[in-house]
Amino acid sequence: MAFRVVIPARHASTRLPGKPLLDLAGKPMVVRVAEAAQRSGAQEVVIATDDERIIAAVTAHGHLAIMTRADHASGTDRVAEVARLFGWPDEAIVVNVQGDEPLIDPALINAVAGALTTDREASIATAAHRIHDLAEFMSPHVVKVVTAASGRALYFSRAPIPWHRDGLAAHPTVLPAELEVRRHVGLYAYRVGFLRRFGELAPAPIEQWEALEQLRALWHGFHIHVIDCAHPPAPGVDTAEDLERVRKLFVALH
């Protein structure tokens, strides 16, 4: 199975300025992400940035980096620019790996890419894992996904879906054991042909209401295949506390 990985990495960050370049056991964070991506079996790993400092750091560690526009609205748009700059064919598969996830599982990257090989009518693949906690289920900060028997997404929402009307009415403080609730994992694989079209798609009302970009694809009739993770993936680095936790892990490993 052939696929590529693109790692969008912007220097600007509200909470952690220069986040891609923060040190993790002697290497910049974005380099640690690239190393994980290379272990996924990807034929090519590209860091896409808008800052020369990231280009310099990445190339100094022997990885491929490319300068992209600074005005992209999302990481998906940056990945689409990379696909265009390299001239990748429409049928090519590319995985968007966030530059602040140095603990990402290479096997998960491979599995998400593989879902597009299996489901040839899907334009996007992503992942989810089961949750059992009522507070997570009810939280608008936790994105839930409901799928069809085919494994394709029916809907993503910040609302608690699917809603077990009778079970939750009878026991409102616990999730019914038979209720399969899945939390969406924000890792995406795309067909390049879809990426070429994505920027031309009008934003969807449901996308704007939920603040979930993937709903634009569903709104316009594209299929999203969802694979299951056995366990929640390791969290990314969003805060100074996250950074210290991950640093300790990398020091222990290296």
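Quick note: structure is the one above.
Residues numbered from 1 in each chain as written. Predicted model: local features only at pLDDT ≥ 70, side-chain atom pairs only at ≥ 80, totals over all residues. Heavy atoms only, no water.

Engineer: It is not clear to me how the pairing of strand 4 (residues 44-49) should be interpreted in this structure. Could you clarify?
Structural biologist: One face of the sheet, then the other: side chains in a regular strand alternate in exactly this way. Counting buried positions over the six residues of strand 4 gives five, a clear majority of the element. Bridge count between strand 1 (residues 4-9) and strand 4: six bridges; the pairing is parallel. Note that in strand 4 the partner of Pro8 across the bridge is Ala48. Across four bridges, strand 4 lies against strand 5 (residues 64-67) in parallel orientation. (Buried < 20%, exposed > 50% of the residue type's maximum accessible area, 1.4 Å probe, protein only. Helix = DSSP H or I, 4+ residues; strand = E, 2+ residues; numbered from the N terminus. Pairing = 2+ DSSP bridges.)

Engineer: I would appreciate a short explanation of a nonpolar patch on the surface in the present structure.
Structural biologist: On the surface, a nonpolar cluster with roughly 230 Å² of combined accessible area is contributed by Leu64, Leu85 and Phe86. Along the chain, Leu85 falls in helix 3 (residues 75-86). For Leu85, a relative accessible area of 42% puts it in the partly exposed group. (Patch = residues over 30% accessible without salt bridge, like charges linked within 9 Å, V, L, I, M, F, W, Y side chains within 5 Å. Areas by Shrake-Rupley, 256 points an atom, 1.4 Å probe, with all protein chains shown as cover. Salt bridge = Lys/Arg side-chain N within 4 Å of Asp/Glu carboxyl O.)

Engineer: What should I look at first to understand helix 2 (residues 52-60) in this one?
Structural biologist: Since one α-helical turn is 3.6 residues long, residues separated by three or four positions face the same way. Those residues of helix 2 not exposed but buried are Ile54, Ile55, Ala57 and Val58. Packing partners of the buried residues in helix 2 comprise strand 1, strand 3 (27-28), helix 1 (29-38), strand 4 and strand 5. After helix 2 finishes, the residue Gly62 shows a positive phi value of roughly 80°. (Contact = heavy atoms within 4.5 Å.)

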